[in-house]
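So the chains spell out like this:
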Amino acid sequence: EKPEPSDIAGHWAENELRLMLAYDALDMQGDKVLPDRAITRGEMIKMLVIAIQGGHYPIVFSEKRTASFSDVAADSAYFAYVETAVDLNLLDRSEREFRPSDTITREQLAGLIVKALGYAKLAEVEGLFAYEAADRDQVEQVGAVAIVTALGILTLDGNGNFRPDEEVTRAQAATAFHRFLVKREALRDNASF
């Protein structure tokens, strides 16, 4: 049994954080969630893979599986999540390193979410998206950012800025993935022909 978190009661993202904890998508340090700490790339991929699967299910790879990245070996806590993300085409195999301890920016998160939704090719279509943000000229992945903001998965600040280079906190990541799950379900076409 996990201890009751001591640092999320009354937090603006308490419900989303509790959902990610219930999914086993977010690890605690003792009884702390550390909601306002920047999330690492390793933590983010774990959360993304578990969110895509709709909860924590053991992911197992053969010990013969060759690591896709030199810095995420088979004995890494993130190995199974990173390899699953590679298999789902969420991570680029051509990169030599994954850098699991690095933080992730809002624009990088937008790109991952768009890939997870299956809209990566659509996001690359030049001129398709009318995206108005005060800091639009700082955004490289305009299509991805336009999609996640239009869907309300990530939002602009009160001044109309996306802040693409800002680090994502654990609370922000939990909220984004909760919104991702809701939007993904709403976007599924259940019609049969």
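Everything discussed here concerns the structure shown above.
Note that the structure is a prediction, hence the values are computed from the model and not measured.

**Q** Help me understand the overall build of the protein chain in this model?
**A** Secondary structure summary: the protein chain contains 7 helices and 0 strands in total. Along the protein chain, from the amino end to the carboxyl end, the secondary structure elements read α-α-α-α-α-α-α. Dimensions of the protein chain along its principal axes, counting C-alpha atoms only, are 45 × 45 × 40 Å. Put simply, of all contacts in the protein chain between residues at least 6 apart along the chain, 69% involve residues at least 24 apart. Of the roughly 10500 Å² of accessible surface on the protein chain, a fraction of 48% belongs to carbon and sulfur atoms. Averaging the coordinates of the 21 positive side-chain charges in the protein chain and doing the same for the 32 negative ones gives two points 4 Å apart.

**Q** Would you explain helix H1 (residues 14-22) in this entry?
**A** In an α-helix, one full turn covers 3.6 residues, which means residues spaced three or four apart are oriented alike. Taken together, the buried positions of H1 are occupied by Glu16, Leu17, Met20 and Leu21. Seen end-on, H1 carries its buried residues on one side only, within an arc spanning 140°. Turned more than 90 degrees away from the buried face of H1 sit Asn15 and Ala22, all of them exposed. Buried residues belonging to H1 abut helix H2 (41-53) and helix H7 (170-187). A positive phi of about 65° marks aspartate 24, the residue just after H1.

**Q** Quick question: what am I supposed to make of a nonpolar patch on the surface here?
**A** Together, Leu122, Val125 and Leu128 make up a nonpolar patch on the protein surface, roughly 240 Å² of accessible area in all. Position of leucine 128 among the secondary structure elements: in the loop between helix H5 (120-123) and helix H6 (142-150).

About the criteria used
- Residues numbered from 1 in each chain as written.
- Predicted model: local features only at pLDDT ≥ 70, side-chain atom pairs only at ≥ 80, totals over all residues.
- Heavy atoms only, no water.
- Helix = DSSP H or I, 4+ residues; strand = E, 2+ residues; numbered from the N terminus.
- Contact = heavy atoms within 4.5 Å.
- Areas by Shrake-Rupley, 256 points an atom, 1.4 Å probe, with all protein chains shown as cover.
- Lys, Arg positive; Asp, Glu negative; His and termini not counted.
- Charge placed at Lys NZ, Arg CZ, Asp CG, Glu CD.
- Buried < 20%, exposed > 50% of the residue type's maximum accessible area, 1.4 Å probe, protein only.
- Arc of directions from axis to C-beta.
- Patch = residues over 30% accessible without salt bridge, like charges linked within 9 Å, V, L, I, M, F, W, Y side chains within 5 Å.
- Salt bridge = Lys/Arg side-chain N within 4 Å of Asp/Glu carboxyl O.

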